[in-house]
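Structure at a glance
Below, each chain spelled out in residue letters.
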Amino acid sequence: MTNDEILAVITGKFPEIQAIPKVQGQARGDELYLSVPAQKLPELCRFLRFDPPLAFDFLSFVTSVDWKDRYEVVYYLVSTLHKHKLVLKVNLADRATPEVPTVTDVWAGADWQEREIFDLMGITFRGHYNLRRILLPDDWEGHPLRKDYVPTPDRYD
Amino acid sequence: MSQTTTPASAADVFPQAPPEKGMFISLGPQHPSTHGVLRVAITVDGETVTSAQPDIGYLHRATEKLAEKRTYPQIIVLTDRLDYLAAMTNNWSYCLAVEKMLAVPIPERAEYLRIIVGELQRIASHCVFLGTYGIDIGAYTPFLVAFGRERERILDLFEELCGARLTYNYIRIGGVMADTPAGWEKKVREFVKEMWGHIQEYDTLLTYNPIFMDRTQNIGLMTPEMAVAWGITGPNLRATGFRADVRKDDPYSLYPQLKFDIPVGKQGDCWERYQVRVSEMRESLKMIEQCLDRIQPGEWMAKLPKVYRVPAGEGYGHLEAPRGDLGFYIISDGSPSPYRMHIRAPSFINLQVLQQLLKGWKVADVVAILGSVDIVLGEVDR
């Protein structure tokens, strides 16, 4: 399916979801980019995963970006059957307590990737069954990938 | 058995309470079979594993954060240190992402050199797997042969090419660091010719060794549905019978012009995960031969200005690394360093399946299953 066809299938079910247009002069891939409200995410993901014409069965990666005024969670989806791709972006305007629903019940592979984002970016994944720090020690303070993170000086500084 | 079913959710495999009976075992972090500093917290009931939780992070070096403070060419050095058994493909994957954003055409000679070193690297990496997996199971000779002999030959070739044996920094944004030294291509051709025989030797030493087969066949079964749900890529996915390879599905470089097959397994047990890798070495040899036949003298670096700005926006480049789909997701704000860089590390994503994969098997199989997933902790922890 082409990007337009994928978009048509999705907006047929979820009229409020919009594509993110490509900005002139900016680098970006050929994938379809969608902006998704956080509360719609679980329903949409289940639709993307199990709707036969879409069949986005493979979650390639999940990551997050700190845009200083907001956080963004990025999902990169691939259909192993149809070979089409899709990028979902969820904006989290609440900087104090950024929270997004988990997708581990749709793609099991999101498990550690969400834990990594929780660990390094401090975004909570609501409903994750085992949301603990994964790369850093449990008693670590702060979330290093945040832009306002101040590293604690150690004996080498 | 629980292994053959796909979890409806990752939560199904997580132990909700400590075991009422049985025992807790901490495998690692300093254990020869964990291939680095990995700890697996296992609970057992008698001889049977009831839950397994890999504990990672011992080697975390904050690569993604470091990248935000370095210029684009400087980051290539950081990528060398991720999967240190396959630094060439790390360099390459990162460069693919940046080149996509720059929209710079790569000279043909550079593309062929990238495929040659990339596939040599795959052979070298699989040689390490073959050797260390043999040791895990109790066969010492393949290690001396694959690790100590053939891999050394490849590292010598790389050393001649770029001066380093592990951290190459050879593939650069726009091409490769330098042209080949005189006679290098001939040496590669000689190596490829000999390697065909060596792989046959591995088959007699290890692949069809009855003891090895007993330890690995019908152990650690993985279905394609389970593998896709957990995001598994690379030889681990192909061993389940699922034909997926970035070189075919989302082609990059000059791979569409090369003739090669994707070896797949049938039931995704430990032996097939091993065997797929041995077959992949043969396919890599085929590709190197084709490249050596076609490569022509010419430019090895694209015409890039000395100082260049990566345009604002984002780019995702990925390729088929020896351990799976390795990707770099880069966000640029137009400044000399990336605003954010994310690494899709195949080892990290492949490793989480152990939570489900180890369940239900015997303690003696844990090492066989762990070894067959083939992880590099440098990439898991980044």
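Note that the structure is a prediction, hence the values are computed from the model and not measured. Counting starts from 1 at the beginning of each chain's written sequence and moves along it residue by residue. Chains and ligands are labelled sequentially in the order written, the chains with letters from A and the ligands with numbers from 1. For this predicted model, a pLDDT threshold of at least 70 governs which residues receive local features, and a threshold of 80 or more governs which side-chain atom pairs are given and counted, while totals over whole chains, interfaces and linings are taken from all residues. In computing side-chain values, all of the structure's heavy atoms are included and hydrogens and water are not.

Thoughts on the overall build of chain A
Where helices and strands are cited, they refer to DSSP runs of H or I of at least four residues and of E of at least two residues respectively, numbered from the N terminus. Each helix and strand in chain A was counted, giving three helices and seven strands. Walking chain A from its N terminus toward its C terminus, one meets helices and strands in the order α-β-β-α-β-β-β-β-α-β. By principal-axis analysis of the C-alpha atoms, chain A measures approximately 55 × 40 × 25 Å. Per-residue burial over chain A gives 54% buried out of 157 residues. To sort residues, take the accessible area from a 1.4 Å probe on protein chains only and compare it with the maximum for the residue type: under 20% means buried, over 50% means exposed, and anything in between is partly exposed.

Section: the interface of chain B and chain A
Here a residue-residue contact requires only that any non-hydrogen atoms of the pair lie within 4.5 Å. Between chain B and chain A, the contact holds 44 residues from the first and 45 residues from the second. For salt bridges, the criterion is a side-chain nitrogen of Lys or Arg within 4 Å of an Asp or Glu carboxyl oxygen. Applying the counting rule to chain B against chain A returns five salt bridges. Notably, a salt bridge pairs Glu68(B) with Lys147(A), separated by 3.2 Å at the nearest N-O pair. Taken together, the elements giving at least two residues each to the side of chain B that touches chain A come down to strand S3 (48-55), helix H1 (63-67), helix H8 (224-229), strand S6 (313-321), strand S7 (324-332), strand S8 (340-344), helix H12 (346-351) and helix H15 (377-381) of chain B. Following the grouping adopted for this structure description, the nonpolar residues are Ala, Val, Leu, Ile, Met, Phe, Trp, Tyr, Cys and Pro, the charged ones are Asp, Glu, Lys and Arg, and the polar ones are all others, Gly among them. For the side of chain B that touches chain A, the residue count by class is 23 nonpolar, 10 polar and 11 charged.

Describing the domain arrangement of chain B
All names here are of chain B. We note that the domain assignment places domain 1 (15-55) and domain 2 (63-380) within chain B. Here the bounds of each domain stem from an automatic or database domain assignment. Just the C-alpha atoms count here: the centres of domain 1 and domain 2 sit 29 Å apart. With 18 residues of domain 1 in contact, the opposing surface of domain 2 contributes 17 residues. Contact between domain 1 and domain 2 buries roughly 1,500 Å² in total, counting both sides, with carbon and sulfur atoms accounting for 68%. Once two parts are put together, the accessible area they lose, assessed with a 1.4 Å probe and summed over both, is termed the buried area. When the buried surface of domain 1 facing domain 2 is broken down by residue, His35, Glu47 and Val49 rank first, second and third, together holding 35% of it. One can count zero salt bridges joining domain 1 with domain 2. Here a polar contact is recorded for every N or O atom pair within 3.5 Å, except that within protein the pair must consist of a potential hydrogen donor and a potential acceptor, and residues adjacent in sequence are included only if both atoms are side-chain atoms. One can count five residue pairs in polar contact (both at pLDDT 80 or more) joining domain 1 with domain 2. Contributions of two or more residues to the side of domain 1 that touches domain 2 are made by strand S2 (39-45) and S3. Per element, the largest residue contribution to the side of domain 1 that touches domain 2 is seven residues, and it comes from S3.

A few points about the sheet that holds S3(B)
Residues and elements named next belong to chain B. Any two strands with at least two DSSP-identified bridges between them are counted as paired. Strand order across the open sheet formed by three strands is S1-S2-S3, with antiparallel pairing between neighbours. Every interior strand has two partners, whereas the edge strands, strand S1 (23-27) and S3, have only one. On average, each strand axis in the sheet is tilted by 20° relative to the strand beside it, whichever way the strands run. Summarising the sheet, S1 and S2 pair through five bridges and their orientation is antiparallel. Opposite methionine 23, over in S2, you have valine 44 as the bridge partner. Inter-axis angles, ranging from 0 to 180 degrees, are taken between N-to-C directions of lines fitted to C-alpha atoms, where helices are fitted over the stretch in contact.

Quick notes on the pairing of S3(B)
Residues and elements named next belong to chain B. In terms of strand pairing, S2 meets S3 through seven bridges, oriented antiparallel. Pairing of arginine 39 across the sheet is with aspartate 55, part of S3. Counted along the chain from S2 to the antiparallel partner S3, the turn is two residues long, and its residue glycine 46 has a positive phi close to 65°.

Quick notes on the confidence of the model for chain B
Residue and element names in this part refer to chain B. Note on scores: pLDDT gives the predictor's confidence for each residue, bounded by 0 and 100. With 95% of its residues at a pLDDT of at least 70, chain B reaches an overall mean of 88. Confidence drops under pLDDT 50 across residues 1-7; counting only partners more than four residues distant or on other chains, this segment forms 23 contacts. Predicted complex, confidence summary: ipTM 0.91, pTM 0.89.

Let's talk about the sheet that holds strand S3 (residues 58-66) of chain A
Residues and elements named next belong to chain A. Spatial strand order, S1-S2-S5-S4-S3: five strands in an open sheet with mixed pairing. Every interior strand has two partners, whereas the edge strands, strand S1 (18-19) and S3, have only one. Lying on the sheet, helix H1 (residues 3-13) is in contact with S1, strand S2 (32-36) and strand S5 (85-92); it crosses S2 at an angle near 25°.

Structural notes on the side chain of Ser347(B)
Residue and element names in this part refer to chain B. Tracing the sequence through the fold places serine 347 in helix H12. One polar contact links serine 347 to glutamate 379, side chain to side chain, over a distance of 2.7 Å. If sequence neighbours within four positions are ignored, serine 347 has contacts with Arg323, Asp374, Ile375, Val376, Glu379 and Val380.

Some thoughts on the environment of Glu111(B)
All names here are of chain B. Relative to the helices and strands, glutamate 111 is located in helix H4 (residues 108-137). Separated by 60 residues in sequence, glutamate 111 and isoleucine 171 place their C-alpha atoms 10.0 Å apart. When residues no more than four places from it in sequence are discounted, the contact partners of glutamate 111 are Ile106, Ser253 and Leu254.

Topic: the nonpolar core
Nine residue types can take part in a nonpolar core, namely buried Ala, Val, Leu, Ile, Met, Phe, Trp, Tyr and Cys, and a core is a set of them joined through side-chain atoms within 4.5 Å. Core analysis: the largest hydrophobic core is formed by 173 residues, its most contacted members being Tyr75(A), Leu88(A), Val100(A), Tyr94(B), Leu120(B) and Tyr170(B). For this core, the element with the most residues is H4(B), which contributes 14 residues. Lining this core are residues from two domains, each supplying at least three of them: domain 1 (15-55) and domain 2 (63-380) of chain B. When sequence neighbours within four positions are dropped, the list of residues in contact with Leu88(A) reads Leu34(A), Val36(A), Leu41(A), Leu44(A), Cys45(A), Leu48(A), Val73(A), Val74(A), Tyr75(A) and Leu77(A).

Structural notes on the pattern of salt bridges
Taken as a whole and assessed by the stated rule, the structure comprises 43 salt bridges over all chains. When salt bridges that share partners are traced, they join Glu119(B), Arg122(B), Arg238(B), Asp245(B), Arg247(B), Glu280(B) and Glu320(B) into one network.

A short note on the packing of aromatic side chains
Each pair of aromatic rings is reported with the distance of its centres and the angle of its planes. Whether two aromatic rings pair depends on their centres lying within 6.5 Å, for rings of Phe, Tyr and Trp, where Trp uses its six-membered ring; planes under 30 degrees apart make the pair stacked, over 60 edge-to-face, and the rest tilted. Enumeration according to the criterion identifies 21 aromatic pairs over all chains in this entry. Relative to Tyr133(B), the ring of Phe129(B) lies with its centre 5.2 Å away and its plane at 15°, an arrangement referred to as stacked. Taken together, the positions of Phe129(B) and Tyr133(B), both in helix H4 and four residues apart, correspond to about one turn of that helix. Within the aromatic cluster, the residues linked to one another by ring pairs are Phe61(A), Tyr76(A), Tyr316(B) and Tyr329(B). Charge-over-ring contacts are defined here by two conditions on Lys NZ or Arg CZ: a distance within 6 Å of the ring centre and an angle within 35 degrees of the ring normal. The aromatic ring of Tyr33(A) is capped on one face by Arg28(A), whose charged end is 3.9 Å from the ring centroid. Stacked on the ring of Phe348(B), the Lys or Arg Arg382(B) has its end atom at 4.5 Å from the ring centre.

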